[in-house]
Amino acid sequence: MHSLYTKATFQSLVDTILPRTYDFKKNQFQIIPGGVDFSIDEYIMWNLDVQLSPRLNIDDSYFILSTVTAQTLDIASMQFLHSNTNTPYHNDYIFPYGGLFTTLSRIDRLRVIMFIEKLDVDLTTLPFPYKNNPGFTMNLMNIINLSTIFGFYSEWFGYGNSRFSPSENSRLFCIPPGWIQTGYPGPALGYRDFRGFLLEMDYMGGIK
């Protein structure tokens, strides 16, 4: 179980990368759900703590990767504000229990993520394992960005209560939102689909 602080931080992170969008068609106002609506923050935290952390080959008995990542975002936010003094401090508590990162506007949260990716943050001030570790820091930010997109457009949310179970125990409970947005009808036998051109061998053994 993650703390309210960590959850709020990752909710704001997901909201930065995959926010709700709004569509106006035929004089009708429609809200298109974003990543937070489908709990993609839980997917990222699970990916960091359960999937990635055991592969780091370091003693993780005294830290939780998702928690120190949330702390890193807050530290970077403070440094970003200090280095960009013309950036307004919004103090919008859209995500209760979160730290400084969650109170920034969406565009400023995105700038903080880029601030870390470009290693403009002071690495000596970050918690382990980010501290003085530029390669790890850049890779983790990239993983988080990709995980947000992958979590949303995969079938993960559709697994319902079984989404944290081993793959052999997972069962779809609903149509995943990513499938709906991309028009994917779901797995089935016998789909008629174009898979490329058939290759024929000529008499010399080459491909026509």
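Right above here is the structure, for reference.
Criteria and thresholds
- Residues numbered from 1 in each chain as written.
- Predicted model: local features only at pLDDT ≥ 70, side-chain atom pairs only at ≥ 80, totals over all residues.
- Heavy atoms only, no water.
- Helix = DSSP H or I, 4+ residues; strand = E, 2+ residues; numbered from the N terminus.
- Buried < 20%, exposed > 50% of the residue type's maximum accessible area, 1.4 Å probe, protein only.
- Contact = heavy atoms within 4.5 Å.
- Areas by Shrake-Rupley, 256 points an atom, 1.4 Å probe, with all protein chains shown as cover.
- Axes fitted to C-alpha atoms, helices over the stretch in contact; angles between N-to-C directions.
- Parallel < 35°, antiparallel > 145°, perpendicular 65-115°, else oblique.
- Nonpolar A, V, L, I, M, F, W, Y, C, P; charged D, E, K, R; others polar.
- Phe/Tyr/Trp six-rings, centres within 6.5 Å; stacked < 30°, edge-to-face > 60°.
- Lys NZ or Arg CZ within 6 Å of the ring centre and 35° of its normal.
- Patch = residues over 30% accessible without salt bridge, like charges linked within 9 Å, V, L, I, M, F, W, Y side chains within 5 Å.
- Salt bridge = Lys/Arg side-chain N within 4 Å of Asp/Glu carboxyl O.
- Core = buried A, V, L, I, M, F, W, Y, C linked by side-chain atoms within 4.5 Å.

### A closer look at the overall build of the protein chain
Within the protein chain, the secondary structure is distributed over seven helices and two strands. Buried residues in the protein chain amount to 42% of all 208 residues. Of all intrachain contacts in the protein chain linking residues separated by at least 6 positions in sequence, the fraction that spans at least 24 positions is 58%. Put simply, the protein chain shows about 12900 Å² of open surface, and 57% of that area lies on carbon and sulfur atoms.

### Some words on unusual backbone geometry
A cis amide bond, omega 5°, links Phe 128 with the succeeding residue Pro 129. Along the polypeptide, Pro 129 turns up in the loop between helix H5 (106-117) and helix H6 (134-153). Phi at Leu 119 is positive, roughly 60°, even though this residue is not glycine. Looking at the element boundaries, Leu 119 is found in the loop between H5 and H6.

### A look at the packing of helix H1 (residues 4-17) against H6
Across the interface, H1 lies against H6 with an axial gap of 10 Å and an inter-helix angle of 75°. In terms of axis orientation, H1 runs roughly perpendicular to H6. When H1 is examined against H6, the residues Leu 13, Val 14 and Ile 17 are found in contact with a partner set consisting of Ile 144, Asn 145, Thr 148 and Ile 149. Partitioning the contact of H1 with H6 into residue classes produces five nonpolar, two polar and no charged.

### Thoughts on the packing of aromatic side chains
Two measures describe an aromatic ring pair: the distance that separates the ring centres and the angle between the ring planes. The full count for this structure, using the stated rule, is ten aromatic pairs. Aromatic pair Phe 38 and Phe 157: ring centres 5.0 Å apart, planes at 70°, arrangement edge-to-face. Here Phe 157 lies in the loop between H6 and helix H7 (177-182) and Phe 38 lies in the loop between strand E2 (28-32) and helix H2 (40-52), a separation of 119 residues in the sequence. An angle of 90° between the planes, with centres 5.4 Å apart, marks the rings of Phe 63 and Phe 128 as edge-to-face. Linking Phe 63 in the loop between H2 and helix H3 (65-83) with Phe 128 in the loop between H5 and H6, this pair joins segments that are 65 residues apart in sequence. For Phe 63, a relative accessible area of 9% corresponds to the buried category. Members of the aromatic cluster, each reached through a chain of ring pairs, are Phe 38, Phe 152, Tyr 153 and Phe 157. Sitting over the face of the ring of Trp 156, Arg 163 holds its NZ or CZ atom 4.8 Å from the ring centroid.

### Some points on a nonpolar patch on the surface
Taken together, the side chains of Tyr 22, Phe 24, Phe 29 and Ile 31 define a hydrophobic patch exposed on the protein surface, amounting to about 490 Å² of accessible area. For the nonpolar patch, the secondary-structure elements that each account for two or more residues are strand E1 (21-25) and E2. In this structure, Ile 31 sits in strand E2.

### Observations regarding the environment of Trp 46
With respect to the helices, strands and loops of the structure, Trp 46 is situated in helix H2. The sequence separation of Trp 46 and Leu 65 amounts to 19 residues, and the corresponding C-alpha distance is 9.9 Å.

### Looking at the nonpolar core
Within the largest apolar cluster, 39 residues are counted, with the highest numbers of intra-cluster contacts made by Ile 44, Leu 48, Leu 65 and Tyr 130. When contributions to this core are tallied by element, the ones reaching two or more residues are H1, H2, H3, helix H4 (100-103), H5 and H6. Excluding residues that lie within four positions of it along the chain, Ile 44 makes contacts with Phe 10, Val 14, Ile 144, Ser 147 and Thr 148.

### Observations concerning the pattern of salt bridges
Applying the stated criterion to the full structure yields seven salt bridges. In this structure, Lys 7 and Glu 42 form a salt bridge, with 3.5 Å as the shortest nitrogen-oxygen distance. Here Glu 42 lies in helix H2 and Lys 7 lies in helix H1, a separation of 35 residues in the sequence. With relative accessibility at 22%, the residue Glu 42 sits in the partly exposed group.

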